[in-house]
Amino acid sequence: MLKIENLTKIYDQRAVVDDLGFACGPGEVLGFLGPNGAGKSTTMKMITGFVTPTSGRISVAGHDVESDALAARRVIGYLPEGAPSYPEMTPASFLGFIADVRGLTGETRRRRLDAVIGQLHLEPVLEQSIDTLSKGFKRRVGLAQAILHDPEVLILDEPTDGLDPNQKHEVRELIRSMSADKLIVISTHILEEVEAVCSRAIIIAHGRILADDTPGALAARSRYHNAVRLTLSDDARFDEINSAVAGLDAVAGTEADRAQKAITALAQGSGDATAAWRAVSELAANGNWPVASVQLEAGRLDEVFRQVTGGAAA
Amino acid sequence: MSMIRALFRRELASYFATPVAYVFIVIFLVLMGTFTFYLGGFYERGQADLAPFFDYHPWLYLFLVPAISMRLWAEERKTGSVELLMTLPITPWQAVLGKFLAAWAFAGIALALTFPIWITVNYLGDPDNGAILAAYLGSLLMAGGFLAIGSCISATTRNQVIAFVITVVVCFGFLLSGFPLVLDLFSGWAPQALVDGIASLSFLTHFASLSKGVIDLRDLLYFGLVIAAFLYANTIVLQWKQAD
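Residues numbered from 1 in each chain as written. Chains lettered and ligands numbered in written order. Predicted model: local features only at pLDDT ≥ 70, side-chain atom pairs only at ≥ 80, totals over all residues. Heavy atoms only, no water.

**Q** So, the overall build of chain B: which residues are in play, and what are the values?
**A** A count of helices and strands for chain B gives 15 helices and zero strands. Relative to its length of 244 residues, chain B is compact, with a C-alpha radius of gyration of 19 Å against a globular reference of 18 Å. Counting only C-alpha atoms and orienting by the principal axes, one finds that chain B spans roughly 60 × 50 × 30 Å. Relative to its 244 residues, chain B shows a buried fraction of 50%. Sequence-distant contacts in chain B: of pairs separated by 6 or more residues, those separated by 24 or more amount to 76%. Summed over all atoms, the accessible surface of chain B reaches about 11,000 Å², with 71% contributed by carbon and sulfur. Taking the 12 positively charged and 14 negatively charged side chains of chain B as two groups, their mean positions are separated by 13 Å. (Helix = DSSP H or I, 4+ residues; strand = E, 2+ residues; numbered from the N terminus. Rg over C-alpha atoms; globule rule 2.2 N^0.38 Å. Buried < 20%, exposed > 50% of the residue type's maximum accessible area, 1.4 Å probe, protein only. Contact = heavy atoms within 4.5 Å. Areas by Shrake-Rupley, 256 points an atom, 1.4 Å probe, with all protein chains shown as cover. Lys, Arg positive; Asp, Glu negative; His and termini not counted. Charge placed at Lys NZ, Arg CZ, Asp CG, Glu CD.)

Below, the structure written as structure tokens:
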């Protein structure tokens, strides 16, 4: 559905996107991750045809974005970075304009407009000019515009930037609800978002793909995969407990955080997922430790992200 | 066609969504009146025609039309909405035409609002209304030429002030290209054919006969070609910015 081959973009003799290639299909929510300036937005601009690649090919639903640009754009819904729109317009007139350009007419037009206005809760601001709206509403107007024609492919550049936690949650729900029959590509630097909505994550830096996997598999690369986080209710026996945990066979080492009264025990090897957790729990029960909680960690995506992209920055 | 209509309507509505349109129209009308009655000596001449009115159009347009055209593309670049616009399923031609026609229609509205002066001259005397209509047509075409130049220049920058200043300079060159000020720049080194060619590009000479009520196909064709050429250049600039 979306196929990218040898995509390269050179600005001022510097490759912003460097020989990028991947393919994905309907039903996928692809998270595009990377530090600022990694080439995420440039790649999205090339997929949507706003920027012409220096070399390489992109096809969207079988349409080449350069030679068959209009057909490709018809199947794409795009939220550009910063959700630009026309500040002097009202959401109602702006969405009406997009509907006209997207060729929606009559009953379909009304039905789609009602649908997106409802989905993004734009009713209270429909007749207010866009430049007087809050950042959250502006972003939602941009999202409404992108999904108005019910596109097969949705390209969303930082869709939840500037939203409060409730709005973020709603937008993620919206993305999840649409993902069954669409291909959705989102760029973000919010890692929890990737875990919340994406079925696949691509980490890029300096225009190259550094990792391409499911969020779960990426998190499993973390040294915190299967680690146990033990939180104590008082720190009187902190050092004693810390060395006891570190001495366990199933534990490779510990990270002690006295201020939080927390000890993180890293798991030894990857064979048995809960070995460290069982060992720590057992010891805690036997030793009658003042335990507040024992948590098994899946792995930390942010740590993997730093580990993967940190090497590239050097 | 429906795309162009949608773009046209959005663009024209945006003029009136802010005070820009009203400020522009008021200033346009005040200046038109001032020039006609004071500088042009409308009453003192004692003739029932609108020559003192139309004679000042090229000079008024020189500063007022770039004020309309400067925002056409520069503002879209500044706010980033150009990214939205150019990723919609429209061709560069449709985008350029929709915007240009809206700006031209706006200029036409401002021009049409000068109708009281036409009523005045009809009240005072018995003018040749056919000639006045021809002059209005010529004025509208000339505004279109200025706008096409301004639209093309606006597409090259994200700064409206730069777009305005460069457009004024280029339009000034086009106005005076039949006069020594411009021709002397070329006559020293360029072949005579080129100098003659440049001399024939003057807006002033082509507008002069139209403003007297003489509709010459060559003048109409001239303005049509200037508009087409600059709008074509406008689409090239857009594609060039895309590849940049």
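**Q** Please give an account of the side chain of S211(B) that cites residues and values.
**A** Residues and elements named next belong to chain B. Here S211 lies in helix α14 (residues 203-211). What makes S211 buried here is its relative accessible area of 16%. When neighbours within four sequence positions are excluded, S211 is seen to be in contact with F54 and A135.

**Q** Residues and numbers for empty space enclosed by the protein, please.
**A** For the structure on display, the rule yields two cavities of 30 Å³ or more. The wall of the largest cavity is formed by 13 residues, among which Y86(A), R71(B), E75(B), E76(B) and S81(B) lie closest to the centre. If you list the elements that add at least two residues to the lining of the largest cavity, you get α1 (2-17) and α6 (71-79) of chain B. Take the lining of the largest cavity: its biggest share by element is five residues, from α6(B). Residues that form the lining of the largest cavity fall into these classes: three nonpolar, three polar and seven charged. F24(B), F28(B), Y61(B), V65(B), I68(B), A107(B), A110(B), L111(B), L140(B) and A143(B) together form the lining of the second largest cavity. Mapped by element, the contributors of at least two residues to the lining of the second largest cavity are α2 (20-39), α5 (57-69), α8 (92-112) and α10 (129-154) of chain B. (1 Å grid on protein atoms, 1.4 Å probe; cavity = no way out; pocket = protein on both sides within 12 Å on 5 of 7 lines; lining within 4 Å. Points joined across faces, edges and corners; volume = space filled by probe spheres on them. Nonpolar A, V, L, I, M, F, W, Y, C, P; charged D, E, K, R; others polar.)

**Q** Which residues make up the sheet that holds strand β2 (residues 14-24) of chain A, and what are the values?
**A** Residue and element names in this part refer to chain A. Across the sheet, four strands lie side by side as β2-β1-β4-β5; this open sheet has antiparallel pairing. Each of the sheet's edge strands pairs with one partner strand only, and the pair in question is β2 and β5 (63-64). In this structure, strand β4 (residues 55-60) lies alongside β5, joined through two bridges in antiparallel fashion. Bridge assignment links S59 to a residue of β5, and that residue is D64. Sheet strands touched by helix α1 (residues 40-47): β1 (2-11), β2 and β4. Its angle to β1, the strand with the most contacts, is close to 120°. (Pairing = 2+ DSSP bridges. Axes fitted to C-alpha atoms, helices over the stretch in contact; angles between N-to-C directions.)

**Q** Any details on the interface of chain B and chain A? Residues and values, ideally.
**A** Think of interface size as the accessible area that goes away when the parts come together; that is how it is often given. With 25 residues of chain B at the contact, the number on the chain A side is 25 residues. One can count three salt bridges joining chain B with chain A. Scanning the region where chain B abuts chain A turns up eight residue pairs in polar contact (both at pLDDT 80 or more). Counting only elements with at least two residues in the side of chain B that touches chain A, the list comes to α1, α6, α7 (81-86) and α15 (217-243) of chain B. (Salt bridge = Lys/Arg side-chain N within 4 Å of Asp/Glu carboxyl O. Polar contact = N/O pair within 3.5 Å; in protein donor to acceptor, adjacent residues only side chain to side chain.)

**Q** Account for the pattern of salt bridges, naming residues and giving values.
**A** When charged atoms on two side chains of opposite charge get close, those side chains can pair. Applying the stated criterion to the full structure yields 27 salt bridges over all chains. With its nearest N and O atoms 3.5 Å apart, the salt bridge here joins E88(A) to R10(B). Remark: R10(B) occurs in helix α1 and E88(A) occurs in the loop between β6 (76-79) and α3 (91-101); the pair is interchain, linking two chains. Classification of E88(A) as buried rests on a relative accessible area of 17%.

**Q** Please set out the layout of surface pockets residue by residue, giving values where relevant.
**A** Considering only enclosed or pocket space, the largest pocket measures out at about 460 Å³ in volume. What lines the largest pocket is a set of 17 residues, and nearest its centre among them are F50(A), V51(A), R77(B), R158(B) and K241(B). Contributions of two or more residues to the lining of the largest pocket are made by α1 of chain A together with α6, α7 and α15 of chain B. Here the residues of the lining of the largest pocket sort into six nonpolar, four polar and seven charged.

**Q** Quick rundown of the packing of α10(B) against α15(B)? Include the residues and the values.
**A** Residue and element names in this part refer to chain B. Between α10 and α15, the least distance of the axes is 8 Å, while the angle of their chain directions is 20°. When the interaxial angle is binned, α10 and α15 end up roughly parallel. Crossing geometry of α10 relative to α15 is assigned as left-handed. Packed against α10, whose contacting residues are L137, L141, M142, G144, G145, A148, I149, S151 and C152, the element α15 presents L220, F223, V226, I227, F230, L231, A233, N234 and V237 at the interface. Here the residues of the contact of α10 with α15 are counted per class, giving 14 nonpolar, four polar and no charged. (Parallel < 35°, antiparallel > 145°, perpendicular 65-115°, else oblique. Left-handed = near helix turned anticlockwise from the far one by under 90°.)

**Q** Tell me what's going on with the side chain of E297(A), and back it up with residues and numbers.
**A** Residue and element names in this part refer to chain A. Following the sequence through the fold, E297 ends up in the loop between β14 (291-296) and α11 (301-313). We classify E297 as buried; its relative accessible area is 14%. Looking at E297, its side chain comes within polar contact range of the side chain of R300, at 2.7 Å. Look past the residues within four positions of E297 in its chain and what remains in contact with it is Y224, H225, N226, A227 and R229.

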